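The chain contents come next:
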Amino acid sequence: MAKDLFRTPLAEVRWAHLITPRQQLDKSKPLAWTCDLLLANNDEEARSFLLAMEDQFIALHGSRRRRAEKGFPWKEDKDRPQELTVVRFKLPQFQRRDGSLSQGPRIVDAKKQAWDGRAIGNGSQLILAFDIYDWEGENGCGITFQPRAVQVVHLVPYEQLDPTDGFEEREGYSTTSESTASASGWPADEGEKQEQEEVPF
């Protein structure tokens, strides 16, 4: 039986790993698709969304069940607690009975066209469709939001800074003028040359 799907308000995303799954902090756990959605505390739609999710918690666990410390997948933002609430989404990857791996969330652009694979940078604005996984542990119960579809409404491209950008070209050694290099790509010194010559084939 398919679970109900819910949708978030349009909001800014941070640390989006929605195209390929990432390694979780606990290495024993499977790879997972994750992201953090930043909801403004002064936004009426965001407040209504969180209240509706509290109602879903009660619907799944009852009003008298003890909620775990991390039973809600949202918390105050560490740097701007008065302004933002961070909502975590996580979908673990699993292996099916036929040996294939489960798929991540379907991603579309603002026009509902299939995503082109570009990385989603911090500050992009998304709407997520998700289902709720309810769980229970020794310290109480909780819920996890599992992303099933993503609409990227405003994209901020992910840019990885090149640490060599601050260097200037200078007179000196150039790899393009050297023809002898070791297999590792480093210039071979005399000791390395000798060692290479002594290796039997």
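Because the structure is predicted, anything quoted here is derived from the model rather than measured. For every chain, the first residue of the written sequence is number 1, and numbering continues from 1 along that sequence. Local features are withheld for residues below a pLDDT of 70 in this predicted model, meaning they are given only at 70 or higher, and side-chain atom pairs are given and counted only at 80 or more; totals for whole chains, interfaces and linings count all residues. Side-chain figures throughout are based on the complete set of non-hydrogen atoms in the structure, without hydrogens or water.

Colleague: Any chance you could explain the packing of aromatic side chains here in plain terms?
Modeller: Two descriptors summarise a pair of aromatic rings, namely the distance from one centre to the other and the angle between the planes of the rings. Pairing of aromatic rings covers Phe, Tyr and Trp, the last counted by its six-membered ring, and requires centre-to-centre distances within 6.5 Å; plane angles under 30 degrees mean stacked, over 60 mean edge-to-face, and any other angle means tilted. Within the structure shown, the criterion is met by nine aromatic pairs. Aromatic side chains Phe 49 and Phe 130 sit 6.0 Å apart centroid to centroid with 80 degrees between the ring planes, which places their arrangement in the edge-to-face category. Of the two residues, Phe 49 sits in helix H1 (residues 44-61) while Phe 130 sits in strand E7 (residues 125-137), which places them 81 residues apart along the sequence. Each member of the pair, Phe 49 as well as Phe 130, is classed as buried. One aromatic cluster is present, built from ring pairs that chain together Phe 6, Phe 49, Phe 57, Phe 72, Trp 74, Phe 89, Phe 130 and Phe 145. If you follow Arg 67 out to its NZ or CZ, it ends over the ring of Phe 72, 4.0 Å from the centre. Each helix is a run of H or I in the DSSP string that is no shorter than four residues. Each strand is a run of E no shorter than two, and both are numbered from the N terminus. With a 1.4 Å probe rolled over the protein chains alone, any residue whose accessible area is under 20% of its type maximum counts as buried; one over 50% counts as exposed, and the rest are partly exposed. We call a charge positioned above a ring when the Lys NZ or Arg CZ atom is no farther than 6 Å from the ring centre and deviates by at most 35 degrees from the ring normal.

Colleague: What should I look at first to understand the environment of Leu 128 in this one?
Modeller: Structurally, Leu 128 is set in strand E7. Leu 128 gets classed as buried once you look at its relative accessible area, which sits at 0%. It is 9.1 Å that separates the C-alpha atoms of Leu 128 and Phe 89, two residues lying 39 residues apart in sequence. Whether two residues are in contact is decided by their heavy atoms, any of which lying within 4.5 Å being enough. Those residues in contact with Leu 128 that lie beyond four places of it in its chain are Phe 6, Arg 7, Thr 8, Cys 35, Leu 37, Phe 89, Pro 147, Ala 149 and Val 150.

Colleague: Which parts of the structure should I look at to understand H1?
Modeller: The end-to-end C-alpha distance of H1, which contains 18 residues, comes to 26 Å, matching closely the 26 Å that a straight helix rising 1.5 Å per residue would cover. Listed as buried for H1 are Ala 46, Phe 49, Leu 50, Met 53, Phe 57 and His 61. Each buried residue of H1 lies within a common arc of 95 degrees when the element is viewed along its axis, so the set occupies one face. With respect to the buried face of H1, the exposed residues turned more than 90 degrees away are Glu 45, Leu 51 and Ala 59. Buried residues in H1 make contact with strand E1 (6-7), strand E3 (32-40), strand E4 (74-76), strand E5 (84-92), E7 and strand E8 (140-154). A distance of 3.2 Å separates the backbone nitrogen of Glu 45 from a side-chain oxygen at the start of H1, and that oxygen is part of Asp 43. For a helix, the expected span equals 1.5 Å multiplied by the number of residues minus one. An arc is given here, and it is the one of the directions from the helix axis to the C-beta atoms. Counting of polar contacts relies on pairs of N or O atoms within 3.5 Å, with two restrictions inside protein: one atom must be capable of donating a hydrogen and the other of accepting it, and residues adjacent in sequence are counted only when both atoms are side-chain atoms.

Colleague: What is the right way to read the side chain of Ser 124 from this model?
Modeller: Residue position: Ser 124 is located in the loop between strand E6 (106-109) and E7. On the accessibility criterion, Ser 124 (0% relative accessible area) is buried. A distance of 2.8 Å separates the side chain of Ser 124 from the backbone nitrogen of Val 156, its partner in a polar contact.

Colleague: Hey, could you run me through unusual backbone geometry in this one?
Modeller: Excluding glycine, a negative phi dihedral is what most residues carry, and trans is how most peptide bonds are arranged. You will see that Trp 15, though not glycine, has its phi angle at about 55 degrees, which is positive. Along the chain, the position of Trp 15 falls in strand E2 (residues 11-22). Even without being a glycine, Lys 112 presents a positive backbone phi close to 65 degrees. Among the structural elements, Lys 112 can be located in the loop between E6 and E7.

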